[in-house]
Amino acid sequence: MNDSLEGQERDAPIFAPDAFRLRPFQAELIDKARRFGRRVLAPRAQKYDREASFPLENFRDMHADGLLAICIPEADGGLGADFLTYCIAAAELGRYCGATALSWNMHVCSTLWSGALADDLPMSPADRVAHEKRRRMHYRRIVEQGAIYAQPFSEGGAAAAGVVAFGTEARPVEGGFRVSGKKIFASLSGAADYYGVLCTERAQGEAATRRNTLYLAVPAAAEGVKVVGDWDPLGMRGTVSRTLLLDDVFVLEEEMLMPRGVYFEAATRWPHMFLTLSPTYLGLAQAAYDFTISYLRGEMPGTPPVKRRMYPTKQIAVAEMHMQLEQTKAIWFQAISEARPNPTKEQVLRAYAAQATVMENSNAIATKALRTCGGQAMLKNLALERIYRDSRCGSLMLPWTAEICVDRIGREALYESGEKDE
Ligand SMILES: Cc1cc2nc3c(=O)[nH]c(=O)nc-3n(C[C@H](O)[C@H](O)[C@H](O)COP(=O)(O)OP(=O)(O)OC[C@H]3O[C@@H](n4cnc5c(N)ncnc54)[C@H](O)[C@@H]3O)c2cc1C
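Within each chain, residues carry numbers counting from 1 in the order of the written sequence. In view of the model being predicted, local features appear only for residues whose pLDDT reaches at least 70, and side-chain atom pairs are presented and counted only at 80 or more, with totals across whole chains, interfaces and linings using the full set of residues. Side-chain measures here rest on the full set of heavy atoms in the structure, leaving out hydrogens and waters.

## Re the overall build of the protein chain
Note the cut-off: Working definition: helices are DSSP H or I runs of at least four residues, strands are E runs of at least two. Numbering for both runs from the N terminus. The quantity called the radius of gyration is restricted to C-alpha atoms. Its globule counterpart is 2.2 Å times the number of residues to the power 0.38. For every residue, the accessible area (1.4 Å probe, protein chains only) is compared with the maximum for its type, and the residue is labelled buried under 20%, exposed over 50%, or partly exposed between those bounds. Only heavy atoms matter for contacts: two residues are in contact if any of them lie within 4.5 Å across the pair. Working definition of accessibility: Shrake-Rupley area with a 1.4 Å probe, residue cover restricted to the visible protein chains. Neither His nor the chain ends contribute to the count of charged residues, in which Lys and Arg are positive and Asp and Glu negative. By convention, charge coordinates are those of NZ in Lys, CZ in Arg, CG in Asp, or CD in Glu.
Scanning the protein chain from terminus to terminus reveals 11 helices and seven strands. In terms of overall dimensions, the protein chain is globule-like: its C-alpha atoms have a radius of gyration of 21 Å, near the 22 Å expected for 422 residues. Taken over the C-alpha atoms alone, the protein chain extends approximately 70 × 55 × 40 Å along its principal axes. With 422 residues in all, the protein chain has 56% of them scored as buried. Pairs at least 24 residues apart make up 76% of the contacts formed inside the protein chain by residues separated by at least 6 positions. Of the roughly 17,800 Å² that the protein chain leaves accessible, carbon and sulfur atoms contribute 52%. Looking at charge distribution, the protein chain has the averaged site of its 50 positive side-chain charges lying 4 Å from that of its 52 negative ones.

## Re the pattern of salt bridges
When charged atoms on two side chains of opposite charge get close, those side chains can pair. The test is simple: What counts as a salt bridge is simple: a side-chain nitrogen of Lys or Arg found within 4 Å of a carboxyl oxygen of Asp or Glu.
Considering all chains together, one arrives at 31 salt bridges under this definition. With its nearest N and O atoms 2.8 Å apart, the salt bridge here joins Asp31 to Arg34. In this pair, Asp31 and Arg34 are both assigned in helix 1 (residues 24–51), three residues apart and thus about one turn of the helix distant. Across the salt bridge formed by Arg171 and Asp248, the nearest N and O atoms sit 3.6 Å from each other. Highlighted residues: Arg171 in strand 2 (residues 169–173) and Asp248 in strand 7 (residues 242–252), separated in sequence by 77 residues.

## A closer look at the packing of aromatic side chains
Quick reminder of the rule: Put simply, two rings from Phe, Tyr or Trp (the six-membered ring, in Trp's case) pair if the centres are within 6.5 Å, and we call them stacked under 30 degrees between planes, edge-to-face over 60, tilted for the rest.
Within this structure, the stated rule accounts for 19 aromatic pairs. Ring geometry for Tyr86 against Trp104: centres 5.4 Å apart, planes inclined by 55°, an arrangement best described as tilted. You can see Tyr86 sitting in helix 3 (residues 83–94) and its partner Trp104 sitting in helix 4 (residues 98–119), a full 18 residues away along the chain. Here the two residues Tyr86 and Trp104 agree in accessibility, since each one is buried. Summarising the aromatic geometry, the rings of Tyr215 and Tyr263 are spaced 6.4 Å apart at their centres and angled 65° between planes, so their arrangement reads as edge-to-face. Separated by 48 residues along the polypeptide, Tyr215 in strand 5 (residues 213–219) and Tyr263 in helix 6 (residues 262–269) bring together distant segments of the chain. Here Tyr215 falls in the buried class, since its relative accessible area comes to 1%.

This is how it looks when you write it as structure tokens:
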């Protein structure tokens, strides 16, 4: 078996620092991620995919390399990446192991959303002080102990799409909350040390509202936390996204990842936060393209050195893949560059368009790669077959599924806020 993607010493950055005007510290961090992906993730990716097991070893190595703390400020011991730097670094990891990059995203968002993003949001001075103290505790766990955070939001209903309040509820009690509910597709289940759960704070007799969404880190070891069900999906198998049950779990108030009301503000004012699921899939699109070039040149390790590049049909297919990849990169780079509080309507529509484009094109490029490279390229000893399956998962990911993005672009392009037809 050889899924090692050797020969990728040549891999150029997906976004060349000069061409995309990256600052030196951004280019350095992204380069670190690319080298890590190629050296550490690529040789192990096939194993985790086959076994549908969690890449814990990768996370231990990411801790040693500082990558678990990529978005933690330097003053707190992290690498201090901003939103754009994180997104491109995540794309570089996705290129080598989609499941690790996607799971890493769930972990990193716990620090990015409570960090740089929360700094952009309104909070009372008292909330700000309390928040900074609490997040330093989360950061310390990650930096010093390599703690892993998951992000189970989905419940199988409309809550993760942002339509209704979460069914998982936190009842305020002395010193904290009693949390009960069920989360489906909880990536990192069984491996995470903390589950960053979205739930609705609801006192006795109070109505459930989205404004009262709480973002709470539930310790995996707490009484009442249980992971159930099996996990044998089409792709992204290493994410091990099983079902999480929370049965009257006591969670201390200091486990809040954002103060009360701030997650609702974030989802409303900082919509680009939901683009963070897309980098993995941009990386997969690049991986499918890279594979095709290497394969048609007869340079793919583990295959006979047969060249197929001289056929006009192959050249046309590569040209089409190249154009689709460049188009995808262009809109995505523009959208991640525009991430900020209170974006314009045009910027929000572009963010939806970028998300849908990456998620759909990632699989379209992988599909074309298989068709173009041919039968031997779909064998399981090569990476393309895994890339193809992993890339199919992107469009399904809430809250910005490809369908929801298309739905919102159409509606919001035609209607101004509050407008109705007679
Ligand atoms: C590999 C993988 C890993 C994942 N990891 C995580 C994770 O770590 N954490 C996490 O929270 N989730 C995760 N997810 C879950 C993912 O985001 C979705 O929640 C999941 O795919 C939903 O499946 P579903 O069949 O319930 O979706 P759907 O049925 O498509 O949607 C769920 C509900 O949302 C509402 N909805 C759907 N479309 C619309 C629309 N256009 N307008 C309004 N409402 C709509 C509907 O009420 C629907 O019942 C992961 C998914 C995958 C594939």
